[in-house]
Amino acid sequence: MNDNRDGTLTTYRGKRHFDRTSEPRGEGTAAGRKPVFVVQIHDATSMHFDFRLEVDGVLKSWSVPKGPSADVHDKRLAMPTEDHPLEYRAFEGVIAGGEYGAGTVIVWDEGTYEPLAGSTDDKGRTFAEALEHGHATFRLDGSKLHGAYALTRFRGGEDSGEREAWLLVKKKDVLADGKPAPDPRRARSVRSGRTLKQVAEDGPEGAG
Ligand code: MN
């Protein structure tokens, strides 16, 4: 059992039987579990995929207009957006008109990931540091996305004053099956099986 390695929830957890209560266990971000990723489809002013990786307790986020591709020849533009709270990975619903990011969101894929050598390399970098330096590779274990991907900054960063732009690219491995992301209007939520249209019809109360 490595559940209590972080120590901070030891007392809380010691008082509870999580097979008998629905209270949250509380998951540390460091020890005992792999970091998560999520890909949401967001029907905002322009349709895009939001690709998010858990790093140091937040979701590092990129807006990927065409969505991730499992074809190693596809270079997908990925524009960084603000860090999102970890809980955002469960968000599926309608952001009301007039609000920031107004439009419908579905959780297209989610799972865990593992940083790969080449980003957290011989320089002893953490995954967060690799991202700061503009290149990180990782292995996704989702319901739809699998295998190694790389995120690489090709513009901006390091005090350049330019807006950052990155590429999300599938790395060659046995899981490079050549499939691009689906038509976002036909894609279904990995959580609820719903399309964007069905979530939109369920209305703002479906937001969570
Ligand atoms: Mn978005």
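What comes next concerns the included structure. (Residues numbered from 1 in each chain as written. Predicted model: local features only at pLDDT ≥ 70, side-chain atom pairs only at ≥ 80, totals over all residues. Heavy atoms only, no water.)

Thoughts on the pairing of strand S4 (residues 76-85)
Spelled out, the test is: When DSSP finds two or more bridges between a pair of strands, those strands are recorded as paired. Runs of H or I in DSSP of at least four residues are treated as helices and runs of E of at least two as strands, each being numbered from the N terminus.
Across five bridges, the pairing between strand S3 (residues 58-64) and S4 is antiparallel. Bridge pairing in S4 places Ser61 opposite Thr81. Across three bridges, S4 lies against strand S9 (residues 165-170) in antiparallel orientation. Opposite Ala78, over in S9, you have Trp166 as the bridge partner.

Remarks on the coordination of the manganese ion
Basically, it comes down to this: Donor selection uses N, O and S atoms within 2.8 Å of the metal (3.2 Å for Na, K and Ca). Since no water is included, sites may look incomplete. In this scheme, a residue with accessible area under 20% of its type's maximum is buried, one over 50% is exposed, and one in between is partly exposed, where area comes from a 1.4 Å probe on protein chains only.
Only His42 (ND1), His48 (NE2) and Asp50 (OD) from the protein reach the manganese ion as donors, at distances of 2.2 to 2.3 Å. In terms of primary sequence, the donors binding the manganese ion are separated according to H-x5-H-x1-D. The exposure classification of His42 matches that of His48, with both residues buried.

Considerations on the layout of surface pockets
With a probe scaled to a water molecule rolled over the atoms, the places where space remains empty come into view. Rule in force here: Both site types are read off a 1 Å grid over the protein atoms alone. A 1.4 Å probe that fits but cannot get out defines a cavity, while an open set with protein on both sides within 12 Å along at least five of seven lines defines a pocket; lining residues have an atom within 4 Å of a point. Grid points are joined across faces, edges and corners, and a volume is the space filled by probe spheres set on the points. Under the grouping applied here, Gly and all other residues not named as nonpolar or charged are polar, the nonpolar ones being Ala, Val, Leu, Ile, Met, Phe, Trp, Tyr, Cys and Pro and the charged ones Asp, Glu, Lys and Arg.
Taken as a whole, the largest pocket holds about 320 Å³ of empty space. In terms of lining residues, the largest pocket is bounded by 15 residues, among which His42, Ala44, His48, Tyr100 and Gly101 are the most central. When contributions to the lining of the largest pocket are tallied by element, the ones reaching two or more residues are strand S2 (47-55) and S4. Residues that form the lining of the largest pocket fall into these classes: five nonpolar, seven polar and three charged. Space inside the second largest pocket adds up to approximately 250 Å³. Lining the second largest pocket are 14 residues, and of these Lys60, Trp62, Asp83, Leu131 and Trp166 sit closest to its centre. Residue assignment for the lining of the second largest pocket shows that the elements contributing at least two residues are S3, S4 and helix H2 (127-132). For the lining of the second largest pocket, the leading source of residues is S4, giving four residues. Looking at the lining of the second largest pocket, its residues break down into six nonpolar, two polar and six charged.

As for the environment of Glu162
Note the cut-off: Two residues form a contact once any of their heavy atoms are found within 4.5 Å.
Positionally, Glu162 belongs in the loop between strand S8 (146-155) and S9. Note on Glu162: relative accessible area 46%, which makes it partly exposed. Look past the residues within four positions of Glu162 in its chain and what remains in contact with it is Arg155, Gly156 and Gly157.

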